[in-house]
Structures are given as structure tokens and as C-alpha cells.
Number of protein chains: 2
Amino acid sequence: MSTLDILKLAKDSAPTLASANTNQKNAALEAIASLLVQRESEIIAGNKLDIEAGEKNGLSKGLQDRLKLDSKRINALAAAVREIISLPDPIGDSVSGMTLPNGLKLQQVRVPFGVIGVIYEARPNVTIDIAALAIKSGNAVALRGGTAAENTNKVLVQVLQDGLASAGLPANAVQTVDPFGRDGAVEMMQARGLVDVLIPRGSANLIKTVVTESKVPVIETGDGVVHMFLDESADLDMSISLAVNAKVQRPSVCNALETLLVHEASADRLLPKVATALIESGVTLHGCEQTVAIIKGAVPAIEEDWTAEYYSLDLAVKVVSNLDAALEHIAKYSTHHTESIITNDHENAERFLQEVDSAVVMVNASTRFTDGGEFGFGAEVGISTQKLHARGPMGLRELTSSKWLVRGSGQVRS
Amino acid sequence: MSTLDILKLAKDSAPTLASANTNQKNAALEAIASLLVQRESEIIAGNKLDIEAGEKNGLSKGLQDRLKLDSKRINALAAAVREIISLPDPIGDSVSGMTLPNGLKLQQVRVPFGVIGVIYEARPNVTIDIAALAIKSGNAVALRGGTAAENTNKVLVQVLQDGLASAGLPANAVQTVDPFGRDGAVEMMQARGLVDVLIPRGSANLIKTVVTESKVPVIETGDGVVHMFLDESADLDMSISLAVNAKVQRPSVCNALETLLVHEASADRLLPKVATALIESGVTLHGCEQTVAIIKGAVPAIEEDWTAEYYSLDLAVKVVSNLDAALEHIAKYSTHHTESIITNDHENAERFLQEVDSAVVMVNASTRFTDGGEFGFGAEVGISTQKLHARGPMGLRELTSSKWLVRGSGQVRS
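The rules behind each value
- Residues numbered from 1 in each chain as written.
- Chains lettered and ligands numbered in written order.
- Predicted model: local features only at pLDDT ≥ 70, side-chain atom pairs only at ≥ 80, totals over all residues.
- Helix = DSSP H or I, 4+ residues; strand = E, 2+ residues; numbered from the N terminus.
- Rg over C-alpha atoms; globule rule 2.2 N^0.38 Å.
- Buried ≥ 20, exposed ≤ 12 C-beta atoms within 10 Å, placed from the backbone.
- Contact = placed C-beta atoms within 7 Å.
- Pairing = 2+ DSSP bridges.
- Nonpolar A, V, L, I, M, F, W, Y, C, P; charged D, E, K, R; others polar.
- Axes fitted to C-alpha atoms, helices over the stretch in contact; angles between N-to-C directions.
- Left-handed = near helix turned anticlockwise from the far one by under 90°.
- Least-squares fit on C-alpha atoms with pLDDT ≥ 70 in both.
- Expected span 1.5 Å × (residues − 1).
- Core = buried A, V, L, I, M, F, W, Y, C linked by C-beta atoms within 7 Å.
- pLDDT = per-residue confidence, 0-100.
- Arc of directions from axis to C-beta.

Asks: Sorry, what's going on with the overall build of chain A here?
Replies: Assigned secondary structure in chain A consists of 15 helices and 16 strands. Taking 22 Å as the expected radius of gyration for a compact globule of 414 residues, we find that chain A reaches 24 Å, a close match to that expectation. Along the three orthogonal principal directions, the C-alpha set of chain A runs to about 70 × 70 × 35 Å. Burial status across chain A gives 55% buried among its 414 residues. Long-range contacts, defined here as pairs at least 24 residues apart, represent 71% of the contacts in chain A between residues at least 6 apart.

The structure is reproduced here in C-alpha cells:
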């Protein structure tokens, strides 16, 4: 079997999954949730091989932790699948409809894409999350997880396939191209006609490679150089709690704060206390000249700090002369993920909302809220930072396309 | 000035156009409509250069006709711009919104893409149509028309820029990379960060090149190997009028019929009269063995006929054993544009609607209705045959992205 053979299996099974009703799809998901728990020892055995190989290959402690599955985490995977069961099925929903003057009835309905390709790194939870979301939205899925999780994913894909089969749905609707390594990913990127959409999830480098090399349509995700701007009128307490929450609550994710901009006129009022709170939370500040002059603990920033997605307890800090300068800095360095302004000035707030060209633009809120779960989507495919198809957190609805149904009685065009 | 310089001019002007209100954008469009008529002689002079060059270079009569502008056609261009003025402005529309339990107010609003790149062939009307649609939807636009229309487009782009300027909007929001020829198109395809979305319009070859080579997100358009299936229960008169209308009314466009499938059990009842009507309308039938046995005038079909988008008065005809065989043929050869079933069997109609994986699927209607104008969109950017972002006829709404606005009062994530 080649990668193309495997993709063809997915493609051939896609129409059956696309026409499955909600009960069938939920039955498959329930079977998958049960099997995850039942086969715990098998999953952990596979995972142990990956962890051992990781240790041998010098995989970082952080990545080892992401990779590791235990009884508690496997139960969390099953719970995540059951949460997807509880979400409404988007397939068949009417998006729009009208009857033309000639009597033609037009209806635009949601349909699955067909086959979704996903290229991601060694995180077993992504395997289950994405496959469950794909099944719920009637899509077949071809997975390419990181090599470091290969043995774990092999068992998980078996569980997914067995769950589908036990509900009378095609087991082939979940496929992995992991046995082909990087070549599998490259072939997926070329597989026009077999893969309808490709979603890369992971590091900025991985995403960039997929976006620039793929001939299949891609939904770009992640990668957030996220900014917060403390305006002249920003409340001090709010500035402290929002900056700390956005940076510290979970620094390793894409909606965490990376650059703090501070209005010059309020730098003396805000910066010392905001900086103290951040430093007390373990944050290293990389400041511009003016910042370093105000905050003793800050290290001087270099150009790379303005483009850094640290994923760590580091924060770039810059004093700017006004809102215009903040908007300019953001336009230059933002990855168009999430930006937030802290202000009591309504006009500035609305200008920021209007002019910042990002997926999510906030006023007086922590950037950590850019998240499918927080937005009420129940589960998240990723955060789209591109403008085509989906922008911002992507849920089940973003895994669908649409088609027009036209019902006539012999109408011809004149 | 290089192509990149020109794209930067468009990019820099995009925010101003994006924040222009409906009245300003309509004033620019009205100015453009007026200027088109006022500068008729200048436009015709430029067009004359292109027509003369076309004659010299052996441009086909058909393409020369598409290229040619006269007083009547220029007035039609102005009328098309005024029709776009009358369409509702999609920018700022709320797509969805909710207030979270913590009080955060979320609002998803329509925003322009930013800069739309368009690569098309020598049709001056596309220059005006696309630029007017882009302006109305708040988008800057970078155009690459065919070299054969270069002199015409030069004047038209000047008219577009002058119209924008006269309404106080940035003239730079309409740009052409025509002076750089093919290199201009290639650079647009690479210009990530400067071009937000690329729309190719034209031949299957042009579209395929852009789709496979572009590193910028693409909306794939056009290219229709359109099928009609006469089911066992199809009404004879309806079959005749729909087949003739779909093939003959305007054979040179992508929604024209290219392959007629006929249920074996009704071939003797339907085919002779349908074929006679088609032949009397000047259509050449390329038939399968069974078709040729029934219809004397038909020429034997070869494999290429099933993949042909003739754009002419030619039609492939095949007798199939049943609905399943029709669905299989369509799955194999369709370009996922438009397919129609002619039937009196409700179950077959619904199965066809469900199972055919095309942008528009019809029952008892002419395929010629797949059109933005017919769908009530007022004007059309093209017909998307891909599944990402837009599928089927694209109007103003399909030239927009969205962004999430989040208004809070200091909420942090716990």
C-alpha cells in the first residue's frame, strides 16, 4: 500500500460517511470513547514504545510530557469524544435558500468537505480530537502525526477504525499515513482530488511548510505573536490582571501574550506595577529603551523580540507614543491571531476594533479567550489566522463546505 | 516600479478602502460609471491597438469579439457598475454574535479580504466587473489581464483609479501588473502577505496553473464538464427543452451542458426526439455505442469526449444502465460544477441531490441557471468549483472574510 492507496481508501469511504445520519455518527463516537477505555493497556503499551524512543532520541521533557498517555489522560480523551457527541451536527443545515421568480427553489446546505488531511506533531490527543470532529462532521480523515508518536497513533487509529466499524460505518474513513513518514505528508500535500482540505497543526515552521508547498487547499492555523496595548486611559488594576492572565495563565499556547505595548503618557503610571506583577509571576521582560529605563529588572530587547512567539514566560515590552504608533507596531509584527486594547476611551476602543487586521480583536479582555471551547464551539480544530473560509477558532461548522440544491419543474433560461 | 512595489501600493491603500462607508464606495462607482462613458473615445482608441495587434497575431475571431469594445458595450460596462451600486454592502454585517456567561460580548462581522489578486484572460469586461465588485466589498485589487487586452486595460485601470480619487478614496486601491506580463502573474502567486486571495478566471489551463503554483490562497473557479441525466421516468417534452436549453442557449460558458446521460430503459422513448431537437439546433452528438445505434446522425464518442468541456455546439451522449451507473459516470468525470437530473421519481431526485458532489445539483432544471445573476447576487465574481470558502456562484459576500470583535470589562481566563 502506498500513501495514494491509503488516501483512495479514505476518499472511497467519504460518501458513505457523508450520508450517515447523526445517530450513526454518534454511535461510532460512543464506541470509540468506550474502546479507548477498554483498550487502555494496549494504548499505554504503544505509548511506552514512543516514550522510550523519545528518551533515547533526546526528546525534550516538555514534548515527552505532551506525548505521554496514562489512565487519567486516556479517560480525558474519551470524555472529549463524548463532548463532541453532545454537539449539534452541522451537516444538512440550511445556510440560505430562496425561491426565484420563475419558481426554481434554491437551497444552500452544509455538506462535509469529503477527505480532510491533517498534518501535526507528536500529540496523541490531536489524533483523537481531530478524528472525532471529522467523524461528527461527516468527513473522512487522513492523519499524519509526528514520528515520535507513531506507535501510540497506530493503536489510536485502530481504535477509531474499530469504533466506526462497530457502528456500521466504514472503518476506512480514518487513515494514517504515518508508515510513510515525511513522504506521506509530502504526498498528501500533492493529492489534489483525493484530499479536499489540509489542516496543519503545530509549529510555525510546520505550518509555513504546508502552506507554501501544498497544492491542496490549506486552512492555516495557529502561530500567534499576540499583542496587548495599554492605552493612556487604561485602568491600572485591569492592566495588571489582564497582562498577567494573558501571559502567565498558560504561556505555551498560541493565544498567550507575547508583546505588551504601553502608551507613553501612561508608562510611568502603569508600567512599574504591571511589570512588578509580571516579574513576580516569573516573567522575564524584554524591554525597549524607555521600558528598561523605568523597569530595572527588564533586559534590553533586540529586534527578534518583536517577532518572537516565545511560548514561555518571556514578554517583549515597548513604550509607544500613541494609539497610531501601537497600530503601526501591530500591523508590522502581528501574525493576525489576537490583539487586545485596554482602555476607557470608547473612540480608541472602536478604532482598535476596526483597524487591527486580526482574527480576533478585543477590548478590555484577556487574549486567552481566543479558543473554540471558550467561544462555545465545544471543541476546536485549531485557530485559523488566514482570511479564507474560516477565521479565528474553528469548530465543527468550519469543517464543512456547502452545496446548492436546485429543485425545478422544467425551467429553462431565456 | 516592480510588481512587488505595485502590490505594496495596493496593500497600503487597503485599510482606507476597508474603512470607507457605503456612500463613499458608491460615489466612487458612480464616478467610474460616468468616466467610462465620458472617456469612450480614449477607451476605444486603446482597444483599437489591441484589436489590431490581435489581428496581426492571429487571435481567433471569437477572442477578438470578446476583446472588442464599442459604444454600446462601454455603456453596458457602465450599466453593470451601476447595478453593483444598487447591491447591498456586505461589510460590517454581523455573521453571528453571542454574550458569554462571563459577560464577554462576541460579534463576528464581515470584513474585506484586503487585497484581491485576479488573473484572467483578454476580456475587458472582467476588468471593470471585478474591480467594481472589489471596491464595493472594500477590497483593493491587483489585476493581471491577458496581454492581448493590455492597451484597453491600461485605460480602464486609469478610469477606475480616477473614479476612486474623485470620491476621495485611494486611487492606488486598483492596480494592474500587466506591464510585467507573465512575470507579474507569477510574482502575484508568490506574494504572501501582500495578496490575501487570488482568483483565476479563464481557461481550465490557466486555473490549473494558478491553483497548483500559487502560494497565496486561491479560490478556484469555472471549468464545467456539466452533466444532465435523463432518468427512466423523465418527461419527454421536458427532456427536450432542458437538454436543448442547457446545450444551445449559450454553449461557450461553463454552465452549458457537455454530457447527456440517458437511462437505458428510456433510451428508445427519449433519445430519438431529444437528439433530433439537438441536431436541428446545430449540435454535433458524440455518442456511445448504444447512442450511435439509435441515432444515425451521432458520431462515435472516444474517451476524450467524456472529459471534454467543448465550449461549442458539441455534446457527448451516453446510455447508462441505471441511476447508479449515472452517478458513477458523474463521480468519475464531473468537474463538480453543475449536474441536473430530469425525473418524475422523487426518491431518485433526492438521491441525486444527496450523492452528487458538485457545487450545484439540480432536479428538472436547465444547468444554465448556475449563475450569480440568476441566483439573485446581482453580479458574479465567478463560479467556485472548490469546497473551501465559497462553492457555486460567488457574489459580493464571497469577497469578504470575517473577524471576531470581543468587548469585555476586564475578564480573565481561569
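Asks: I'm lost on the pairing of strand S11 (residues 314–320) of chain A in this one. Help?
Replies: The side chains of a regular strand alternate, first on one face of the sheet and then on the other. All names here are of chain A. With six of its seven residues buried, S11 lies for the most part within the structure. By the bridge criterion, five bridges tie strand S8 (residues 257–263) to S11 in an arrangement that is parallel. Residue pairing in the sheet places Val-262 in a bridge with Val-319 of S11. Pairing geometry for strand S9 (residues 284–287) and S11, over four bridges, is parallel.

Asks: Mind showing me how you'd approach the interface of chain B and chain A here?
Replies: One frequent convention defines the size of an interface as the accessible area lost when the parts assemble. If you look at the interface, chain B gives 54 residues, while chain A gives 54 residues. Broken down by secondary-structure element, the contributors of at least two residues to the side of chain B that touches chain A are helix H10 (236–248), helix H15 (346–355), strand S13 (360–365) and strand S16 (400–411) of chain B. Per element, the largest residue contribution to the side of chain B that touches chain A is 11 residues, and it comes from S16(B). In terms of residue class, the side of chain B that touches chain A is made up of 23 nonpolar, 20 polar and 11 charged. Where strand S13 (residues 360–365) of chain A meets S16(B), five bridges bridge the pair, whose relative direction is parallel. The partner of Val361(A) across the bridge, within S16(B), is Leu405(B).

Asks: How do you make sense of the packing of H10(B) against helix H11 (residues 264–280) of chain B when you look at a structure like this?
Replies: Any two packed helices are characterised by how steeply their axes cross, that is the angle between the axes, and by the distance between the axes. Residues and elements named next belong to chain B. Where H10 contacts H11, the axes come no closer than 9 Å and their chain directions differ by 35°. As H10 runs across H11, the sense of the crossing is right-handed. On H11, the residues touching Leu-236, Ser-239, Ile-240, Ala-243, Val-244 and Lys-247 of H10 are Arg-269, Leu-270, Lys-273, Val-274, Ala-277 and Leu-278. A per-class count over the contact of H10 with H11 returns eight nonpolar, one polar and three charged.

Asks: Explain unusual backbone geometry to me, please; I cannot follow it from the model alone.
Replies: The phi angle of most residues is negative, glycine excepted, and most peptide bonds adopt the trans form. In the Ramachandran plot, Asn364(A) falls in the positive-phi region, its phi being about 50° despite a non-glycine side chain. Mapped onto the fold, Asn364(A) is located in strand S13. For Asn364(A), a count of 23 C-beta atoms within 10 Å corresponds to the buried category. Notably, Tyr311(B) is not glycine yet its phi reads approximately 60°, a positive angle. Within the fold, Tyr311(B) resides in the loop between helix H13 (303–307) and strand S11 (314–320). The partly exposed category is assigned to Tyr311(B), around which 15 C-beta atoms lie within 10 Å.

Asks: Before we go on, may I ask you to explain the sheet that holds strand S5 (residues 174–176) of chain B in this structure?
Replies: Two pairing modes exist for strands in a sheet, parallel and antiparallel, and in both the strands are linked by backbone hydrogen bonds. Residue and element names in this part refer to chain B. In spatial order, the strands read S5-S4-S3-S6; together these four strands make up an open sheet with parallel pairing. A strand with exactly one partner marks an edge of an open sheet, and here the two such strands are S5 and strand S6 (197–201). Neighbour-to-neighbour, the strand axes of the sheet open up by a mean angle of 20°, direction not taken into account. Relative to S5, strand S4 (residues 140–144) is paired through three bridges, and the arrangement is parallel.

Asks: Would you take a moment to explain the relation of the copies chain B and chain A for this structure?
Replies: One chain copy maps onto the other through a rotation about an axis and a shift parallel to that axis. Once chain B is rotated about the relating axis by 180° and shifted along it by 0.0 Å, it coincides with chain A to within an RMSD of 0.1 Å. A rotation of that kind, with that shift, is consistent with a two-fold axis. Taking the C-alpha atom as reference, chain B places His389(B) closest to the rotation axis, 1.8 Å from it. Most of the interface of chain B is mirrored in chain A, where 98% of its interface residues again form contacts.

Asks: Looking at this structure, how should I read the sheet that holds strand S10 (residues 299–300) of chain A?
Replies: Judged by pairing direction, the sheet is mixed, and its 10 strands sit side by side in the order S10(A)-S9(A)-S11(A)-S8(A)-S7(A)-S12(A)-S13(A)-S16(B)-S2(B)-S1(B) without closing on themselves. Lying at the two open borders of the sheet, with one neighbouring strand each, are S10 of chain A together with strand S1 (94–99) of chain B. As judged from the five bridges shared by S1(B) and strand S2 (residues 105–112) of chain B, these two strands associate in the antiparallel manner. Looking across to S2(B), one finds that Ser96(B) is bridged to Gln108(B). Together, strand S12 (338–342) and S13 of chain A together with S16 of chain B form the strand contacts of helix H15 (residues 346–355) of chain A, whose direction differs from that of S13(A) by roughly 155°.

Asks: What exactly am I supposed to notice about helix H7 (residues 150–166) of chain A here?
Replies: Given 3.6 residues per helical turn, the α-helix brings residues three or four places apart onto the same face. All names here are of chain A. Taking 1.5 Å per residue, 17 residues should reach 24 Å; H7 reaches 24 Å between its end C-alpha atoms and fits that length. Among the residues making up H7, those that are buried are Asn-151, Thr-152, Asn-153, Val-155, Leu-156, Val-157, Val-159, Leu-160, Gln-161, Gly-163 and Leu-164. On its buried side, H7 packs onto helix H2 (22–38), helix H3 (40–56), helix H6 (124–136), strand S4 (140–144) and strand S5 (174–176). Looking one or two places after H7, you find Gly-168, whose phi comes out positive at around 75°.

Asks: Explain the pairing of S12(A) here, please?
Replies: All names here are of chain A. Extensive coverage of S12 is indicated by the burial of five of its five residues. Burial of S12 is two-sided: the residues Thr-338, Ser-340 and Ile-342 facing one way and the residues Glu-339 and Ile-341 facing the other way are all buried. Looking at chain direction, strand S7 (residues 226–230) and S12 are connected through four bridges and run parallel. Bridge assignment links Leu-230 to a residue of S12, and that residue is Ile-342. Note: S12 against S13, four bridges, orientation parallel.

Asks: Before we go on, may I ask you to explain the nonpolar core in this structure?
Replies: The nonpolar side chains of soluble globular proteins are, as a tendency, buried together. Among the nonpolar cores identified, the biggest contains 204 residues, and Ile32(A) and Ile32(B) are the most heavily contacted of them. Among all residues touching Ile32(A), those that are not within four sequence positions of it are Val81(A), Ala132(A), Val159(A), Leu160(A) and Gly163(A). Of all hydrophobic cores here, the second largest spans 56 residues; its members include Ala243(B), Leu257(B), Ala301(B) and Phe352(B).

Asks: I would appreciate a short explanation of the environment of Ile85(A) in the present structure.
Replies: All names here are of chain A. Within the secondary structure layout, Ile-85 lies in helix H5 (residues 71–85). In sequence terms Ile-85 and Lys-154 are 69 residues apart; their C-alpha atoms lie 23 Å from each other. If sequence neighbours within four positions are ignored, Ile-85 has contacts with Asn-26, Leu-29 and Glu-30.

Asks: What am I meant to see in the confidence of the model for chain A here?
Replies: The predicted coordinates should not be examined in detail at positions where pLDDT is low. When pLDDT is averaged across chain A, the result is 95; 100% of the residues are at 70 or more. Of the two predicted TM-score estimates for the complex, the pTM is 0.91 and the ipTM is 0.92.

Asks: Explain helix H3 (residues 40–56) of chain B here, please?
Replies: Residue and element names in this part refer to chain B. The end-to-end C-alpha separation of H3 is 24 Å, in line with the 24 Å expected for 17 residues at 1.5 Å each. Among the residues of H3, those classed as buried are Ile-43, Gly-46, Asn-47, Asp-50 and Ile-51. Along the axis of H3, the buried positions cluster into a sector of 145°, meaning they face one direction only. For H3, the exposed residues lying more than 90 degrees away from the buried face are Ser-41, Glu-52, Glu-55 and Lys-56. Of the surrounding elements, those touching the buried residues of H3 are helix H4 (61–67), helix H5 (71–85) and helix H7 (150–166). Phi turns positive, to about 75°, at Gly-58, one or two residues after H3.

Asks: What am I meant to see in the environment of Tyr120(B) here?
Replies: Residues and elements named next belong to chain B. Here Tyr-120 shows up in strand S3 (residues 115–120). What makes Tyr-120 buried here is the crowd of 24 C-beta atoms within 10 Å. For the pair Tyr-120 and Val-226, spaced 106 residues apart in the sequence, the C-alpha separation amounts to 22 Å. Once residues within four sequence positions are removed from consideration, Tyr-120 is found in contact with Val-126, Gly-145, Arg-201 and Gly-202.

Asks: I tried to follow the environment of Val177(B) on my own but got confused; where do I start?
Replies: Residues and elements named next belong to chain B. Along the chain, the position of Val-177 falls in the loop between S5 and helix H8 (181–190). Given 26 C-beta atoms within 10 Å, Val-177 falls into the buried group. Along the sequence, Val-177 and Met-188 sit 11 residues apart, while their C-alpha atoms lie 8.6 Å from each other. In contact with Val-177, other than residues within four places in its own chain, are Thr-3, Ile-6, Ala-142, Arg-144, Gly-184 and Met-188.

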